[in-house]
Amino acid sequence: MKKILTNCIVIIFILLMAGFRHHQSLDHSYRFIYPSWWHKQLIENGDYFHGLVVSQSNFSDNNIDFSKGGFIEINSKDIQTAEKNVNEYIEKLKIVQANYPRKGDLSVEIPGLSQFQYAGTKTINGFEQIYSNRALSDDPSSQLYWKISNGKLYEIFVKYPQDNSKRKSFEIGLNIIINLFWI
């Protein structure tokens, strides 16, 4: 009986894994699982993206149609900081920018590091929601999440599809990716 139960569990696991793919980033030391019907593409120094893009539809950097299913962009970068808290890291960025010497007298401050605001409202698998010029608090179609671990800043930018009929399946894939994201 125990052997039959073990075999059933193994078969169920294999069937579940057939519906998913695994991504292991060797240079950025993270990995995650995503639905097998999604596409992933690494775009380096593109016009719109820089990083790994995972989407329900297969598109390139110069051929973007958000109504086809939205996307999730994943970036990672080394940071020189002792902070493990995203809010403290953002405050440190603002202090660095405030102390940065400016050339000339600019009447309008260009939003740089000061554009980031800690949302503090949503945490998923250790990722904390951030507001920025790219993902504003009043824009429900985009969200930005940050996580600091082992001297790296991990960023997940989410752009929901404009087509609401595709949003439910997109959210399922998003939850799988974020909840099964390992560092």
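The structure this text deals with has already been given above.
Conventions adopted
- Residues numbered from 1 in each chain as written.
- Predicted model: local features only at pLDDT ≥ 70, side-chain atom pairs only at ≥ 80, totals over all residues.
- Heavy atoms only, no water.
- Pairing = 2+ DSSP bridges.
- Helix = DSSP H or I, 4+ residues; strand = E, 2+ residues; numbered from the N terminus.
- Axes fitted to C-alpha atoms, helices over the stretch in contact; angles between N-to-C directions.
- Salt bridge = Lys/Arg side-chain N within 4 Å of Asp/Glu carboxyl O.
- Buried < 20%, exposed > 50% of the residue type's maximum accessible area, 1.4 Å probe, protein only.
- Phe/Tyr/Trp six-rings, centres within 6.5 Å; stacked < 30°, edge-to-face > 60°.
- Lys NZ or Arg CZ within 6 Å of the ring centre and 35° of its normal.

1. Here's the deal with the sheet that holds strand E6 (residues 117-124)
Turning to step 1, where the next piece is worked out: A sheet is described by the order of its strands in space; here seven strands give the open sequence E3-E4-E5-E9-E8-E7-E6, paired in antiparallel fashion. Looking at which strands have only one partner, the edges of the open sheet turn out to be strand E3 (39-43) and E6. The sheet shows a mean angle of 25° between the axes of neighbouring strands, taken without regard to direction.
Turning to step 2, where the next piece is worked out: Of the strand pairs in this sheet, strand E5 (residues 71-78) and strand E9 (residues 152-159) are connected by eight bridges, and their pairing is antiparallel.

2. Considering the pattern of salt bridges
Turning to step 1, where the next piece is worked out: Applying the stated criterion across every chain yields a total of two salt bridges.
Turning to step 2, where the next piece is worked out: For Asp78, the salt bridge goes to Lys152, with nearest N and O atoms at 2.8 Å. With Asp78 in strand E5 and Lys152 in strand E9, the pair connects residues that are 74 residues apart, well separated along the chain.
Turning to step 3, where the next piece is worked out: Judged by relative accessible area, which is 14%, Lys152 ranks as buried.
Turning to step 4, where the next piece is worked out: Residue Arg167 pairs with Glu171 through a salt bridge whose shortest N-O separation is 3.2 Å. Taken together, the residues Arg167 and Glu171, both in helix H3 (residues 167-179) and four residues apart, mark about one turn of the helix.
Turning to step 5, where the next piece is worked out: On the accessibility criterion, Arg167 (22% relative accessible area) is partly exposed.

3. A closer look at the packing of aromatic side chains
A ring pair, where both rings are aromatic, is described by two values, the distance of the centres and the angle of the planes.
Turning to step 1, where the next piece is worked out: Enumeration over the complete set of coordinates arrives at twelve aromatic pairs.
Turning to step 2, where the next piece is worked out: The interplanar angle of 25° and the centroid separation of 5.4 Å between the aromatic rings of Trp38 and Phe170 together place this pair among those described as stacked. Placement of Trp38 in the loop between strand E2 (30-35) and E3 and of Phe170 in helix H3 is noted, with a sequence separation of 132 residues between them. In this structure, Trp38 and Phe170 share a single accessibility class: buried.
Turning to step 3, where the next piece is worked out: A centroid spacing of 4.8 Å and a plane angle of 50° characterise the contact between Phe116 and Trp146, whose relative ring orientation is tilted. Placement of the pair is Phe116 in the loop between helix H2 (86-99) and E6 and Trp146 in strand E8 (residues 142-149), with a sequence separation of 30 residues.
Turning to step 4, where the next piece is worked out: Accessibility expressed as a relative area gives 15% for Phe116, which makes it buried.
Turning to step 5, where the next piece is worked out: Among the aromatic residues, those joined into a ring-pair cluster are Tyr30, Phe32, Tyr34, Phe127, Tyr154 and Phe181.
Turning to step 6, where the next piece is worked out: Above the face of the Tyr160 ring, Arg167 is positioned so that its terminal group lies 4.0 Å from the ring centre.

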